[in-house]
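Coordinate inspection notes
Given next are the chains, with one letter for each unit.
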Amino acid sequence: NALVGISPRNFIIDGDFTQWPEGTSAATATNDKYSSALFESQISHDGTITIERSTSVPTIAQSKHQSAYSWLAKCTGTDASIGADQYARFRYHITGSDFAHLHQQEITISFWAKTAAANSGDTYYFVLTNSAQVRSYVQNFTPTSSWTKFTYTITLDSGGTWLFTEADIGMKFEIILAAGSTHDNATIGSWVDTGQQEWWASGTAISNFLDSTSNEFYMAQLGLYLGGSAPTFTSLPISTVKKQVAYYIQNEGESDLTWKWAGIGGVTTTSTMSCKVQYAGGAMRAIPTITSSAAGTWYASDHNTGGTATAISFSGTAKDRTLISISYGSSGWGIGNVGYFMRNNATTTYLYFDARH
């Protein structure tokens, strides 16, 4: 499945966990919140888990690849008894058009993992599911406090409904760190269709990651490859990885852009302007959801008069551009003048363009 001298394609984008557009420091995992660029939390429990970027990685001697970072989950608030419907899951979506290259074929999943001493030897699961999450393949694994490589070859499902367009989720890869008995009807090493989400098999119990605030789980060098083997992990050039990630999520709020990244448009009234903005990372997978920091973190000017913005809104949003409208608290702008729109606080000013599934 590869040309001579060319590594097989890794269908996990940024399996080296280099890109964290919403921040690399420890943050509480909440439902539908992303940690690294494309890893999403699914949370329903009574404890607390934080996710952060770690510099603990497998050594060159172990993995033959020098990673800079790993993905780290920590239990920071306990839930000693996971309810039947509760869970702690972390998932990656493979877009349908990418999944079309894998459907019904043999794939190999490979990753490195370790734990803290407190939960060394505990049993967790990974899961492959379709978009509707009613077709499931589960596999248990038992990491220890030393970095260990886990590799599994799987023939993908020939039943159920699978989706193959750019708008769709083709397949989900999930790490399960806790799950209640409602979701224990899977079969290890087999595809099952039970009509609901199944993440572990009752015959091989899943450990409760939330039973101690000393518990930690690290993951590094995640790969999913077409074929019956996994190559030595390698990461694409960082410029390529950033472009791949920008197709899904862009953050126009990097800390080194003080008083930079201006929208240039026109003054429409004495206190408003509109600026057409092309996304710096290029066209995205879908029309993005735009989230902005408060208007007060932006500065607007018609070159002669300016100050802190008082309102910001978006319209006409497309896959590659949006129209930003900015209001200024005082009148005085010249209608028809060129308008400028820029950050005034590098640490808190941001625009997120989010086209993830």
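Described below are features of the structure shown in this document. (Residues numbered from 1 in each chain as written. Predicted model: local features only at pLDDT ≥ 70, side-chain atom pairs only at ≥ 80, totals over all residues. Heavy atoms only, no water.)

Here we come to the overall build of the chain. Counting its regular elements, the chain contains three helices and 21 strands. Over its C-alpha trace the chain gives a radius of gyration of 23 Å, about what one expects of a compact globule, namely 21 Å for 357 residues. Dimensions of the chain, computed from C-alpha atoms along their principal axes, come out at roughly 70 × 45 × 45 Å. By the burial criterion, 51% of the 357 residues in the chain qualify as buried. When the accessible surface of the chain is summed, it comes to about 14,400 Å², and 48% of that surface belongs to carbon and sulfur atoms. (Helix = DSSP H or I, 4+ residues; strand = E, 2+ residues; numbered from the N terminus. Rg over C-alpha atoms; globule rule 2.2 N^0.38 Å. Buried < 20%, exposed > 50% of the residue type's maximum accessible area, 1.4 Å probe, protein only. Areas by Shrake-Rupley, 256 points an atom, 1.4 Å probe, with all protein chains shown as cover.)

What follows deals with the layout of surface pockets. In this structure, the second largest pocket occupies an estimated 380 Å³ of space. Lining the second largest pocket are 25 residues; nearest its centre among them are Arg9, Asn10, Ile12, Leu236 and Gln244. The class makeup of the residues in the lining of the second largest pocket is 11 nonpolar, nine polar and five charged. (1 Å grid on protein atoms, 1.4 Å probe; cavity = no way out; pocket = protein on both sides within 12 Å on 5 of 7 lines; lining within 4 Å. Points joined across faces, edges and corners; volume = space filled by probe spheres on them. Nonpolar A, V, L, I, M, F, W, Y, C, P; charged D, E, K, R; others polar.)

So, about the sheet that holds strand E9 (residues 148–155). Strand order in the open sheet made by the six strands is E1-E3-E4-E12-E6-E9, with antiparallel pairing throughout. Bordering the open sheet on either side are strand E1 (27–28) and E9, each of which pairs with just one other strand. Where strand E4 (residues 70–77) lies against strand E12 (residues 216–226), four bridges are found, and the strand directions are antiparallel. Counted as the bridge partner of Trp71 is Met219 from E12. (Pairing = 2+ DSSP bridges.)

Turning our eyes to something else, we now look at the sheet that holds strand E16 (residues 289–292). Here three strands make up an open sheet; going across it, the order is E13-E21-E16 and the pairing antiparallel. The outermost strands of the open sheet, each flanked by one partner alone, are strand E13 (249–251) and E16. Strand after strand, the sheet turns through a mean of 10° between neighbouring axes, direction not considered. Pairing between E13 and strand E21 (residues 351–354): three bridges, direction antiparallel. Among the inter-strand pairings, Gln250 is bridged to a residue of E21, identified as Phe353. (Axes fitted to C-alpha atoms, helices over the stretch in contact; angles between N-to-C directions.)

Next up on the list: the packing of aromatic side chains. Scanning the model with the defined rule gives 25 aromatic pairs in all. Here Phe39 and Trp71 contribute two aromatic rings whose centre-to-centre distance is 5.8 Å and whose plane-to-plane angle is 50°, an arrangement assigned as tilted. Within this pair, whereas Phe39 is found in the loop between E1 and strand E2 (40–44), its partner Trp71 is found in strand E4, the two being separated by 32 residues in sequence. Comparing Phe39 with Trp71, the two get one shared label, buried. The ring of Tyr69 carries Arg53 above its face, with NZ or CZ at 3.6 Å from the centroid. (Phe/Tyr/Trp six-rings, centres within 6.5 Å; stacked < 30°, edge-to-face > 60°. Lys NZ or Arg CZ within 6 Å of the ring centre and 35° of its normal.)

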